[in-house]
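Tertiary structure, described
Given next are the chains, with one letter for each unit.
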Amino acid sequence: MQMTTQPAIDTIVIGAGHAGIEAAMASARLGCSTMLITLNLDTIGQMSCNPAIGGPAKSQLVKEIDALGGVMGLCADATYIQLKTLNSSKGPAVRALRAQSDKAEYRTYCRKLIESMPNIKLRQTMVTEIITEVIPAEGIAGAVGNSSLESNSEIRQLIGVKDNLGLTYYAKSLIITTGTFLNGKLWVGEQSMGGGRPGESGSFGITGSLIELGLKTGRLKTGTPPRIDGRTIDTNKLDKHPGDSIPSYFSFLPNRPVKPQLPCYLTRTNAKTHALIEKHLHRSPMYTGLLHGPGPRYCPSIEDKVTRFPDKDSHHLFVEPEGRNTYEVYLQGFSTCLPYDVQQAMVNTLPGLENAEIIRPACAVEYDYFPAYQLHHSLMSKKAAGIFLAGQINGTSGYEEAAAQGLIAGINATRFIRQQAPLVLSRQSSYIGTLIDDLVTKEISEPYRMLTSRSEFRLLLRQDNADQRLTPIGREIGLVDDERWAVFVEKNQAIATEQARLKAVCVNPTEAINTILQTHCNEQVHEKTSLYQLLRRPPIRYDIIEHFDETSKQLPASVKTYVETEIKYEGYLKRQAQSVKKLSEAGNVKLPVNFDYGAIAQLSNEAKEKLAQLQPTTLGQAAKIPGLTPADIGILQILLTRKKQRAIQTSESSKGLQALPDQV
Ligand code: FAD
């Protein structure tokens, strides 16, 4: 007999990984009754792969999540075993914080957060079916934020989900964040078994439900390295990598936890490792054709690295503790799907790991994903109102990418229920906006990882100014509470005061000042000079000015970093801001709904095909579709300008581009 669980919850989130946690927390904090369903309550917030948060571009994502009022930064700050700012000697756009995390503590912290929310109900079960009904599309378009729905007379809307015990859960919105679990298959050498990640079964049913709704699916793969018994590693033979002596944190909130840090270590592959890999390549399912899905280009397996870069005789491998209370160690850079016996032999070729024992083998996982061009920018499915997808299911790879999407899906599921326009962050505003824009407007054929090079505006999208860019938005949507807002307002006041002070306070060309400048950065002053003018010079930093300016010593590091960057890069920032303005003016030009691109003779065939499939809503989105040339965009631009001119001439309000001749 089928049991039914009533009444309807506002939002159901399937999956308690990094996307699911942000989605559930955002939904609950915005006041929605929320149900978080997961296969295993003990793995809430599990880090399936590396025990780390952040790094280039990913730290920007975490800071942005924090600035909007999400939780990943808080989790990472609370559970670190090491904090390090990468690229600290390089430009501000690429500086990135990375936390080595205690995996077990991270899980515990996430579960506590979830359990602290009275309006989140937790359930351990496997969702196997999504239930929808057909409804008229009228009235939904506003909440979807895309007028394309207006042209459809009907659309499917969520009713609820069913689990493998036959229970039905009703909801007004659904966020699917099932990661690598859908029809997941694990591979260790020639051995394969069902599984979403090592030690956990895969999940079934949701793929079928989404296909029935009309969504297209594909297969992707990713891999994880072996875990080593730390007691069997001779760290004396390895290069030691300690954390920063003065750590930075992810969250913009003050009073971050101060903890003792653990070192990581560095070892390297060598000719013996490479020879073993080459000898056994025929036993790797990736090379025998058993494992089909494309893997992450920017996180390749060790056999990929060795075969793709045959001239490189060594690859760096980081030896990273998985926590404070375990001897389990992660071998960063050594992901493989060669058989266990080969993995063990490969590990023992590494300096310091001659006697090391593997305690968990490396493996690859292959899983279903749903290309995200099938979603609106809100992350809601174009096929069914109220159903949102976030995280690895959308073709991304990485905890931070998943969390960023989860947060936006959580916010927008709430806004959908309340009939409010969705929150869509622009590319210019954030890496989160860039990530989602890339996902929904481009066809992803391999796991997508965020990189600083994916942003046209990376000098504007720094980790130090994420709060300036996004905290006011977080406040407006209701996720930034009074405490966070007060911190933000206070920081802004401190910035404004300091900017004025730097222009007002001057130094004279005394011997004392010039000796300090000469000693630390080979600079001199020859006339009365403001501190602002001094900071504009590339080699002069706050830590030099502090030798003769007492006030700057007292300033919070976050204020100094922001003020110094804004001063030093003023020219570049202005230019980038101008290009943002130009691009957004052109990019925001709306494209007509359901337009017959096939009828524009001058467009390339590829452009016709992609535009018809993706139906971009603006010229900016069209410009980012891979395969569309600047010439194609030029043709669309001319058509749109003609349309506008004609509308003015005939005083006709917009009748759609279809009315235009197809010759340009
Ligand atoms: P996940 O963290 O996978 O969480 C999915 C959640 O959904 C789980 O809680 C699960 O219980 C739940 N779930 C699934 N199906 C159902 C269902 N039907 N009903 C109820 N609950 C369900 N990332 C990198 O950046 N670099 C790497 O090298 C890397 N390697 C990886 C190697 C492996 C073997 C794996 C498994 C993952 C790897 N990742 C890597 C990816 C990283 O783990 C993910 O990007 C990230 O965890 C995705 O977060 P998510 O929230 O989308 O999903």
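Residues numbered from 1 in each chain as written. Predicted model: local features only at pLDDT ≥ 70, side-chain atom pairs only at ≥ 80, totals over all residues. Heavy atoms only, no water.

1. Some remarks on the overall build of the protein chain
Helix and strand counts for the protein chain come out as 23 helices and 23 strands. Whereas a compact globule of 664 residues would reach a radius of gyration of roughly 26 Å, the protein chain reaches 27 Å, a difference of no more than 12%. Taking the principal axes of the C-alpha coordinates as reference, the protein chain spans close to 80 × 70 × 55 Å. When burial is assessed residue by residue, the protein chain has 56% of its 664 residues classed as buried. (Helix = DSSP H or I, 4+ residues; strand = E, 2+ residues; numbered from the N terminus. Rg over C-alpha atoms; globule rule 2.2 N^0.38 Å. Buried < 20%, exposed > 50% of the residue type's maximum accessible area, 1.4 Å probe, protein only.)

2. Digging into the site of the ligand
As a structural note, the neighbourhood of the ligand is formed by 35 residues, with Ala19, Val127, Ser203, Gln392 and Gly398 the closest of them. One nitrogen or oxygen atom from the main chain of Ala16 is found 3.0 Å from an oxygen atom belonging to the ligand. One of the backbone N or O atoms of Ala19 is found 2.9 Å from an oxygen atom in the ligand. Expressed as a share of its isolated accessible area of 990 Å², the protein-covered part of the ligand is 97%. Those elements that provide at least two residues to the shell around the ligand are helix 1 (18-29), strand 2 (34-38), strand 12 (218-224) and helix 11 (399-417). A total of three residues in the shell around the ligand trace back to one element, the largest contributor, which is strand 12. Residue classes in the shell around the ligand are distributed as 14 nonpolar, 19 polar and two charged. (Near = heavy atom within 4 Å. Polar contact = N/O pair within 3.5 Å; in protein donor to acceptor, adjacent residues only side chain to side chain. Areas by Shrake-Rupley, 256 points an atom, 1.4 Å probe, with all protein chains shown as cover. Nonpolar A, V, L, I, M, F, W, Y, C, P; charged D, E, K, R; others polar.)

3. Description of the nonpolar core
The biggest cluster of nonpolar side chains holds 106 residues, and the ones touching the most others in it are Ile12, Ile176 and Leu210. For this core, the leading source of residues is helix 11, giving ten residues. Discounting chain neighbours no more than four positions away, the residues touching Ile176 are Ile14, Ile130, Ile206, Leu210, Ile387, Phe388, Leu389, Ala390 and Ile393. Core analysis: the next-biggest nonpolar cluster, separate from the first, contains 22 residues, Ile302, Leu331, Val342 and Leu353 among them. (Core = buried A, V, L, I, M, F, W, Y, C linked by side-chain atoms within 4.5 Å. Contact = heavy atoms within 4.5 Å.)

4. Things to note about the sheet that holds strand 5 (residues 96-101)
Pairing in this open sheet of three strands is antiparallel, and the strands run 3-5-4 from one edge to the other. What marks the edges here is a single partner per strand, and that holds for strand 3 (52-54) and strand 4 (80-86). For this sheet, the mean angle separating the axes of adjacent strands, direction not counted, is 20°. Of the strand pairs in this sheet, strand 4 and strand 5 are connected by six bridges, and their pairing is antiparallel. Residue pairing in the sheet places Gln82 in a bridge with Gln100 of strand 5. (Pairing = 2+ DSSP bridges. Axes fitted to C-alpha atoms, helices over the stretch in contact; angles between N-to-C directions.)

5. Things to note about empty space enclosed by the protein
Under the criterion given, the structure shown has two cavities of 30 Å³ or more. In this structure, the largest cavity spans a volume of roughly 60 Å³. Lining the largest cavity are His377, Ile408, Leu423, Val424, Leu425, Ile432, Gly433, Ile436 and Asp437. Among the elements that make up the lining of the largest cavity, the one with the highest residue count is helix 12 (residues 431-441) (four residues). A per-class count over the lining of the largest cavity returns six nonpolar, two polar and one charged. Taken as a whole, the second largest cavity holds about 50 Å³ of empty space. If you go around the second largest cavity, the residues you meet are His18, Ile21, Glu22, Val71, Met72, Cys75, Tyr106, Cys110 and Ala403. For the lining of the second largest cavity, the secondary-structure elements that each account for two or more residues are helix 1, helix 3 (72-78) and helix 4 (103-115). (1 Å grid on protein atoms, 1.4 Å probe; cavity = no way out; pocket = protein on both sides within 12 Å on 5 of 7 lines; lining within 4 Å. Points joined across faces, edges and corners; volume = space filled by probe spheres on them.)

6. Details of the packing of aromatic side chains
A ring pair, where both rings are aromatic, is described by two values, the distance of the centres and the angle of the planes. Enumeration according to the criterion identifies five aromatic pairs in this entry. Taking NZ or CZ as reference, Lys503 lies 4.8 Å from the ring centre of Tyr532, over its face. (Phe/Tyr/Trp six-rings, centres within 6.5 Å; stacked < 30°, edge-to-face > 60°. Lys NZ or Arg CZ within 6 Å of the ring centre and 35° of its normal.)

7. Observations regarding helix 21 (residues 605-614)
Every buried residue of helix 21 is accounted for by Ala607, Lys608, Lys610, Leu611 and Leu614. With a side-chain oxygen lying 3.1 Å from the backbone nitrogen of Ala607, the N-terminal cap of helix 21 falls on Ser604.

8. Focus on the pairing of strand 11 (residues 191-194)
Across four bridges, the pairing between strand 10 (residues 185-188) and strand 11 is antiparallel. Considered in strand 11, the bridge of Trp187 is made with Ser192. Connecting strand 10 to the next strand, strand 11, in antiparallel fashion are two residues, including Gly189 with a positive phi near 60°.

9. Some remarks on the sheet that holds strand 19 (residues 363-369)
Strand order in the open sheet formed by four strands is 11-10-19-12, and the pairing between neighbours is antiparallel. Both outer strands of the open sheet, strand 11 and strand 12, are each paired with one neighbouring strand and no more. Across the sheet, the axes of successive neighbouring strands diverge by a mean angle of 25°, strand direction being ignored.

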